[in-house]
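# Structural features, examined
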Amino acid sequence: MGKIIRSIFTKKRHEKVERLLVSYSTNIGMHREENQDNYFIDSTGRKMKENISGVRQLDLSERRVFSVFDGMGGEACGAEASELASAVLIDCLREVKEALPEMLSDVVNDYISRANNEICDMASGKGCGTSGSTFAMVCIDEKYFRGYSLGDSKILMYDKKSLCQINEDQTVAAQKVRAGIYSWEEAVNKEDFSKLTMFIGVDFVKKGLVSRNYGPFDIMGKTIVLCSDGLTNACDTEEIIEILSSTVQNKAEALVNLALCNDADDNVTCIVIDCIC
């Protein structure tokens, strides 16, 4: 399977998770001059100008929201785009937290459309052409989590037995794999492997974006990982599983350090959410 994590998931029993142990980490990587990634941890967004990591504990007294953004290095103003995507999520947080489950996807679409418009306005004002950011989000309630994404940032799920990616990459290479033009193993070495077909900022005519939606999935006994593709491009599935199954408290930092040891050539950002009874 190489550095591609395939999507396999089954729902399980409905039980209660009491708290979330959340670790996070970001690093500029081994070969970049700027960290264009960003992240959002339930009311806290941060512009990633430096390397940073930490651990938080959260209860489930309300919906918890987490997201990773990867500013597009091949486009202008990538750092500004990912920062705007995170900042707009802070502004939209109340609506995301309070939406009824059946209305949540509509609220997320309203958020990404607003973020898209602000990124397009920023790019136009700076004269930097197309700008954009990927987006991968999870919303966690008492029993379930739901995922949303545009681009190729990942939502992974580990259930103590296997690791799977629950969202689909929106890249030219992924489209060709799904069409049977070549395999996942072949896709890794193709020039269009990271060429995005969707991202926040692509809708320059401002008609409105629609996120890919996933779930709901049972959270009992699960570990959820949000990451930029800098992690999965540098680390194999087995290496990621080894860290997720360990007793290390800051698993996100351990994963980012692993990517650096593997000579990560991109920014690397990761949020790991352990669902604890």
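In the block above lies the structure referred to throughout.
Residues numbered from 1 in each chain as written. Predicted model: local features only at pLDDT ≥ 70, side-chain atom pairs only at ≥ 80, totals over all residues. Heavy atoms only, no water.

What follows concerns the state of the cysteines. A full pass over the atoms with the stated rule returns zero disulfides. Looking at the unpaired Cys 275, the closest cysteine sulfur is the one in Cys 277, lying at 8.9 Å. (Disulfide = S-S within 2.5 Å.)

Compared with the 33 Å implied by 1.5 Å per residue over 23 residues, the 33 Å span of helix 2 (residues 104-126) between its first and last C-alpha is a close match. Looking at the residues trailing helix 2, positive phi occurs at Gly 127, about 65°. (Helix = DSSP H or I, 4+ residues; strand = E, 2+ residues; numbered from the N terminus. Expected span 1.5 Å × (residues − 1).)

Inspection of the secondary structure assignment puts Ser 67 in strand 5 (residues 64-70). Given a relative accessible area of 0%, Ser 67 falls into the buried group. Side-chain polar atoms of Ser 67 contact the backbone oxygen of Ala 136, separated by 2.9 Å. (Buried < 20%, exposed > 50% of the residue type's maximum accessible area, 1.4 Å probe, protein only. Polar contact = N/O pair within 3.5 Å; in protein donor to acceptor, adjacent residues only side chain to side chain.)

On the basis of which strands lie adjacent, the open sheet formed by six strands has the order 4-1-12-11-8-9 and antiparallel pairing. Edge strands, defined here as strands with exactly one partner in the open sheet, are strand 4 (52-59) and strand 9 (163-165). Averaged over all pairs of adjacent strands, the angle between their axes in this sheet comes to 20°, without regard to strand direction. Pairing between strand 1 (residues 19-27) and strand 12 (residues 268-276): nine bridges, direction antiparallel. Note that in strand 12 the partner of Leu 21 across the bridge is Asp 274. In the packing of helix 7 (residues 251-261) onto the sheet, the strands contacted are strand 1, strand 4 and strand 12, and the crossing angle to strand 12 comes to about 145°. (Pairing = 2+ DSSP bridges. Axes fitted to C-alpha atoms, helices over the stretch in contact; angles between N-to-C directions. Contact = heavy atoms within 4.5 Å.)

Once that is clear, we can look at the nonpolar core. Counting residues in hydrophobic clusters, the biggest one holds 30 residues, and the most contacted among them are Val 65, Leu 89, Tyr 111, Phe 135, Met 137 and Ile 200. Going through the elements one at a time, strand 5, helix 1 (78-98), helix 2, strand 6 (135-140) and strand 7 (144-150) are the ones with two or more residues in this core. If one sorts the elements of this core by residue count, helix 2 sits on top with nine residues. Ile 200 has contacts with Ala 85, Tyr 111, Ile 112, Ala 115, Asn 116, Ile 119, Ser 131, Gly 132, Ser 133, Phe 135, Leu 150 and Leu 209, leaving out every residue within four places of it along the chain. Tyr 24, Val 68, Ile 166 and Leu 226 belong to the second-largest nonpolar core, a separate cluster that totals 27 residues. (Core = buried A, V, L, I, M, F, W, Y, C linked by side-chain atoms within 4.5 Å.)

This part is about the packing of aromatic side chains. Geometrically, a pair of aromatic rings is defined through the distance of the ring centres and the angle of the planes. Overall, the coordinates contain four aromatic pairs when judged by the stated rule. Between Tyr 24 and Tyr 39 the ring centres are 5.4 Å apart and the planes differ by 20°, which places this aromatic pair in the stacked class. A residue pair is termed long-range when its members are at least 10 positions apart, and Tyr 24 in strand 1 and Tyr 39 in strand 2 (residues 37-41) qualify at 15 residues. Like Tyr 39, Tyr 24 is buried. Chaining the aromatic ring pairs together yields one cluster made of Phe 69, Tyr 111 and Phe 135. (Phe/Tyr/Trp six-rings, centres within 6.5 Å; stacked < 30°, edge-to-face > 60°.)

Function-wise, these values are silent; they only describe arrangement.
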